[in-house]
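The residues making up each chain are set out below.
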Amino acid sequence: MKIIKVQDNLAGGQAGYQVFADALNSGATTFGLATGSTPISIYDAITASDLDFSKATSVNLDEYVGLAADHDQSYHYFMQQHFFDAKPFAQSFVPAGDAADVTAELAHYDDVIATHPVDLQILGLGQNAHIGFNEPGTPFASKTHLVDLTPSTIAANARFFADAAEVPTQAITMGISQIMEAKQILMVAYGANKAEAVKAMLEGPVTEDVPASILQQHANVVVILDDASARLLTK
Ligand code: GLP
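Since the structure is predicted, the reported quantities are computational estimates derived from the model, not experimental observations.

> Can you lay out the sheet that holds strand β2 (residues 30-33) for me, pointing to particular residues and giving the numbers?
Read from one edge of the open sheet, seven strands run β1-β10-β9-β6-β2-β3-β5, paired in parallel fashion. Single-partner strands in this sheet number two, and they are β1 (2-6) and β5 (91-93). Mean inter-strand twist for the sheet, computed between neighbouring axes without regard to direction, equals 15°.

Structure representation (structure tokens):
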């Protein structure tokens, strides 16, 4: 595992951009993408660059259940705004949050992941150490599944909605076993509110209570942290 300490989110954007650029230049064709505030500075650096993803494929981690792709808080919409409008991929997959048959959508997304193995997967970190929307207690063997979001995740994401009551309570997420199949993983976490999750992820036991702790068992992980998120690390 390689840990890159940066001063702030902006410097993290440059460091993360470089990981994407290196992957693309060494032949990566499929990129696993994440949403949330954390990857935005990386996506900004990418969209401002001359990197070309027009022959590549993207596979997103997750989507809220009940939000159509054009809802301004859907992860589809986020990806359009922060990445795809400026840098289109040949094909982009995001789970369909408004699928009439969610069970069929889960199976479909398992197929998508199986047929498009991810070369580089970017991950943010939940305050409770979730990855994607794999909340604490999710089996490490999980595949794409429907999640009841925890109250802490709903509260953390309420800042993006006009009213906490509008935050979806369920999501579709890629499973942990599928995240672990990516050839390379880029984990990014900033801010003091992530410090405990960072500590548990990197220095705690590997346990399903701390979903991100499984990354200790992946052979090719780059972690970008700022001073605040790294402040509890002792090793
Ligand atoms: C959400 C997403 C995660 C993301 C996390 C952290 O719940 N499902 O993929 O990593 O929250 O978000 P942020 O980067 O805004 O702190």
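There is more to say after this.
> For the environment of Ala182, give the residues involved together with the corresponding values.
Turning to its location among the elements, Ala182 is positioned in the loop between α6 (176-180) and β9 (184-189). The exposure class of Ala182 is buried, given its relative accessible area of 4%. Along the sequence, Ala182 and Ser58 sit 124 residues apart, while their C-alpha atoms lie 12 Å from each other. Not counting residues within four places of it along the chain, the set of residues in contact with Ala182 comprises Val118, Gln121 and His218.

> Kindly report on the site of the ligand, identifying the contributing residues and their values.
What surrounds the ligand is a group of 13 residues, the closest being Ser37, Thr38, Asp62, Arg159 and Lys194. At 2.7 Å, a side-chain N or O of Ser37 approaches an oxygen atom of the ligand. Its free accessible area being 390 Å², the ligand has 94% of it covered by the protein chains. In this structure, the ligand is accommodated by the largest pocket. In terms of residue class, the shell around the ligand is made up of three nonpolar, seven polar and three charged.

> Talk me through the packing of aromatic side chains; I want residue IDs and the actual numbers.
Under the criterion given, the structure shown has 13 aromatic pairs. A centroid spacing of 5.9 Å and a plane angle of 10° characterise the contact between Tyr75 and Phe133, whose relative ring orientation is stacked. Highlighted residues: Tyr75 in helix α3 (residues 75-84) and Phe133 in the loop between β6 (120-123) and β7 (145-148), separated in sequence by 58 residues. The two residues Tyr75 and Phe133 agree in class, both being buried. Taken together, the ring pairs in this structure connect Phe20, Phe31, Tyr43, Phe53, Phe83, Phe84 and Phe89 into an aromatic cluster.

Cut-offs and rules
Counting restarts for each chain, with residues numbered from 1 along the sequence as it is written. Predicted model: local features are reported for residues with pLDDT of at least 70 only, side-chain atom pairs are reported and counted for 80 or more only, and whole-chain, interface and lining totals are derived from all residues. In computing side-chain values, all of the structure's heavy atoms are included and hydrogens and water are not. Here, any two strands with at least 2 DSSP bridges between them count as paired. Note on conventions: DSSP H or I runs of at least 4 residues are helices, E runs of at least 2 residues are strands, and numbering of each starts at the N terminus. An axis is simply a line fitted to the C-alpha atoms; with a helix, the fit covers only the stretch in contact. Between two such axes, the angle follows the N-to-C directions and lies from 0 to 180 degrees. Burial classes follow relative accessibility: with a 1.4 Å probe on protein chains only, a residue under 20% of its type's maximum area counts as buried, one over 50% as exposed, and anything between as partly exposed. In this description, contact between two residues means that some pair of their heavy atoms is separated by no more than 4.5 Å. Consider each residue's heavy atoms; a residue with any of them within 4 Å of a molecule or strand counts as near. Whenever a nitrogen or oxygen atom comes within 3.5 Å of another N or O atom, the pair is scored as a polar contact, on the condition that within protein one atom can donate a hydrogen and the other can accept it, and that pairs from neighbouring residues in sequence are kept only if both atoms are in side chains. A 1.4 Å probe and the Shrake-Rupley method give the accessible areas. Residues count as covered only by the protein chains that appear here. Of the grid points, spaced at 1 Å and generated over the protein atoms alone, those admitting a 1.4 Å probe that cannot get out make up cavities, while open sets with protein on both sides within 12 Å along at least five of seven lines make up pockets; any residue with an atom within 4 Å of a point is treated as lining. By definition, a pocket or cavity contains a molecule when more than half of the molecule's atoms lie within 2 Å of the pocket's grid points. Note on residue categories: nonpolar means Ala, Val, Leu, Ile, Met, Phe, Trp, Tyr, Cys or Pro, charged means Asp, Glu, Lys or Arg, and polar means any other residue, Gly included. Ring pairs are drawn from Phe, Tyr and Trp, using the six-membered ring of Trp, whenever the two centres fall within 6.5 Å, and their geometry is named by plane angle: stacked under 30 degrees, edge-to-face over 60, tilted for the rest.

So, to be careful, I would describe these as geometric facts and stop short of saying anything about function.
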